Amino acid sequence: MIDPIPTYDQLPVKPGDPPGSSWGVWEDDGALGCLNLLTPERVQRALSIPRAGRVFNVNLELELPSPPLFGRPAFEHVVNDLGSGLGHDDELHHWNTQSSSQWDGFRHVGHPRYGFYGGRADEKHGIHLWAERGIVGRAVLADVGRWRTSVGRPLRPDTTDAVEPEDLLATLDAQGTGVETGDILLIRTGWLAWYRGLDEAGRQGQAGASFAACGLRAGTAMAACLWDLHIAAVAADNPALEVWPPPLFRERRPADRESVGPEDLIHRFLHFGLLPLLGMPIGELFDLDALATECQREGRYDCLFTSAPLNVHAGVASPPNALAIT
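Residues numbered from 1 in each chain as written. Predicted model: local features only at pLDDT ≥ 70, side-chain atom pairs only at ≥ 80, totals over all residues. Heavy atoms only, no water.

Draft legend 1. Structural detail: the side chain of D302. Positionally, D302 belongs in strand β11 (residues 302-307). Overall, the relative accessible area of 14% leaves D302 in the buried class. In this structure the side chain of D302 is engaged in a polar contact, spanning 3.4 Å, whose partner is the side chain of R138. A polar atom in the side chain of D302 sits 3.3 Å from the side chain of R300. (Helix = DSSP H or I, 4+ residues; strand = E, 2+ residues; numbered from the N terminus. Buried < 20%, exposed > 50% of the residue type's maximum accessible area, 1.4 Å probe, protein only. Polar contact = N/O pair within 3.5 Å; in protein donor to acceptor, adjacent residues only side chain to side chain.)

The following block contains the structure:
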C-alpha cells in the first residue's frame, strides 16, 4: 500500500481515477479495500488489548428486526427430524443476508458513474474474499448516543436525526479514545436499544416503506472524516449506518450519470462514497449495547475484534459473526 496513506484531500492517487476514491492505494486491485490495513503487525497489536477476558457477541438475533426492514422477506426456519429420536438438522429458507446484523460487501452498491470498487466488475468482488483473510484487529467504540444525551441533544432514533462528523470526533475526544490506523470503528447510536423497546405495532411501523432512522450525515465531510481516521471498516447499530432515508431517496431524483456531480451523489447517499469509492466496509445493525455498557464501566473503549464472514463465493453481504473481547 502507499505509505504514508494519503488524506482524503489527496485522493485519487492516480490520474483519471474517480474523485474521492482510494483506487490504486492498495496492491490487490480492489478486492479488500481498507481491510488491507489489517496487517499482521496490527493484528498482533490487537491481541494485546484484552485485560478482563470478557467476550461480547455483537451479532443481533437473526430473527430481528421483525418484520424485516426495507421490504426484505422473513426467512423460514425449518427443523428436520432425523428419525428415531436420533437428532435434527435445520434449514433456512428465503434468508436475506442483509436482514439482520451484516457487512455490506463491495458488490452491494456500485457508483452510478464509476461502477464498483477499484473499477472491477461486480462479479469479481465477493464476500468470500473477506472470509478468506478474516477480519481481526483493534476495534474502538464511539458511543455517540450516550454522548449526544450528555450534551443535551439526544438522538431521535425514529427520525433522520444526523450524526455530524463533529459529533463523532467529539464523542471520541470525550471518551479519551484514540483511533489508530487499521482500527474497526464501531458507532453506537442507541437505535437498536430503542427498537427493542417497541411493541409489535411499533415494529410493524418500522417495517413500512416510510420508516426513518438516525445515522451518519451523508456527504463528503463525513466520508473525509472516516477516511482520514484511516480505519479498516466502520459499523453501527442502526439500519443503514447513515440516516434513513438518505436525501437520494427523499428527493426521489434519479442518480443521473451525466447531470449529477460526484460530490452531490455522496451528499445524497453516503454509501456511494464509502463502498465503491473508498473501499470501506460498512456494518449495519451491530448489537453494541452490552459492549457499550462494559466500556463505560471500565472507562476504556477499545477491544480485540474478530469477524468471520460467510465463505460464499461472490456473496454480496454476510452476517459479521463478530466478537468483541475486552
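Draft legend 2. Looking closely at a negative patch on the surface. On the surface, E76, D89, D90 and E91 cluster together to form a negatively charged patch. One can find E91 in strand β3 (residues 88-93). Residue classification places E91 among the partly exposed positions, given a relative accessible area of 34%. (Patch = residues over 30% accessible without salt bridge, like charges linked within 9 Å, V, L, I, M, F, W, Y side chains within 5 Å. Areas by Shrake-Rupley, 256 points an atom, 1.4 Å probe, with all protein chains shown as cover. Salt bridge = Lys/Arg side-chain N within 4 Å of Asp/Glu carboxyl O. Lys, Arg positive; Asp, Glu negative; His and termini not counted. Charge placed at Lys NZ, Arg CZ, Asp CG, Glu CD.)

Draft legend 3. Structural detail: the sheet that holds strand β13 (residues 322-325). With respect to topology, 9 strands assemble into an open sheet ordered β1-β13-β11-β5-β7-β9-β10-β4-β12, the strand pairing being mixed. Looking at the sheet topology across the chains shown, the edges are occupied by β1 (55-57) and β12 (317-318). Looking at chain direction, β11 and β13 are connected through 4 bridges and run antiparallel. Residue pairing in the sheet places L304 in a bridge with I325 of β13. Along the sheet, helix α4 (residues 165-175) contacts β5 (135-142) and β7 (184-187); its crossing angle with β5, the most-contacted strand, is approximately 90°. Contacts from helix α10 (residues 270-278) reach β4 (102-104), β9 (233-236) and β10 (282-284), with the element oriented near 125° to β10. (Pairing = 2+ DSSP bridges. Contact = heavy atoms within 4.5 Å. Axes fitted to C-alpha atoms, helices over the stretch in contact; angles between N-to-C directions.)

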